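Overview (structure and organization)
So you can see what is in the structure, the chains are spelled out below.
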Amino acid sequence: MNADNFEADDNPAAVGGIAAERQRSISERVERLEEERKALAGDIKDIFTEAKSAGFDVKVIRQIIRLRKQEPAEVEEQETLLDIYRRALGM
């Protein structure tokens, strides 16, 4: 029996050099965060449903949220390019 197998046999919490409790803790934390993300996604969907029922255009709200995440200079550059492209197409 080699030393690696001996260590795993002596420590039932370690298999193949992996600490089972540590791995379980990491897995459970990720699972909890995924559940939270799922709940938050549901909350966001509810807010967009509320906005739509109040007469707001959800697609435009999503665009505004995306723009608010960007730097002002980046937004200005995109708007300038959009304007140039529109004029090039006669829009």
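The numbers attached to residues start from 1 for each chain and follow its sequence in the written order. For a predicted model such as this one, the threshold for reporting local features is a pLDDT of at least 70, and the threshold for listing and counting side-chain atom pairs is 80 or more; totals across whole chains, interfaces and linings nevertheless cover every residue. The side-chain quantities take in all heavy atoms of the structure and omit both hydrogens and water.

**Concerning the overall build of the protein chain**
Helix and strand counts for the protein chain come out as 4 helices and 2 strands. Each helix is a run of H or I in the DSSP string that is no shorter than four residues. Each strand is a run of E no shorter than two, and both are numbered from the N terminus. Starting at the N terminus and ending at the C terminus, the protein chain contains elements arranged as α-β-β-α-α-α. Counting across all 91 residues of the protein chain, residues that qualify as buried make up 7%. All accessible-area figures derive from a Shrake-Rupley calculation using a 1.4 Å probe, and residue coverage is judged against the displayed protein chains alone. Carbon and sulfur atoms form 55% of the exposed surface of the protein chain, whose accessible area is close to 8400 Å². Any residue under 20% of the maximum accessible area for its type is buried, any over 50% is exposed, and the rest in between are partly exposed; the area is computed with a 1.4 Å probe on protein chains only.

**So, the pattern of salt bridges**
When a carboxyl oxygen of Asp or Glu lies within 4 Å of a side-chain nitrogen of Lys or Arg, that pair is called a salt bridge. One pass over the structure, following the stated rule, counts 2 salt bridges. For R24, the salt bridge is made with E21, and the minimal N-O distance between the two is 3.3 Å. Taken as a pair, R24 and E21 lie in helix α2 (residues 20-53) at a separation of 3 residues, close to a single helical turn. Note that D83 is salt-bridged to R87, the shortest N-O span being 2.9 Å. Pair noted here: D83 and R87 are both in helix α4 (residues 72-88), with a separation of 4 residues, about one helical turn.

**Considering a nonpolar patch on the surface**
A patch consists of residues exposed above 30% relative accessible area that lack any salt bridge, with like charges linked at up to 9 Å and nonpolar side chains (Val, Leu, Ile, Met, Phe, Trp, Tyr) linked at up to 5 Å. Taken together, the side chains of L81, I84 and Y85 define a hydrophobic patch exposed on the protein surface, amounting to about 300 Å² of accessible area. With respect to the helices, strands and loops of the structure, I84 is situated in helix α4. Among the residues examined, I84 registers a relative accessible area of 39% and is labelled partly exposed.

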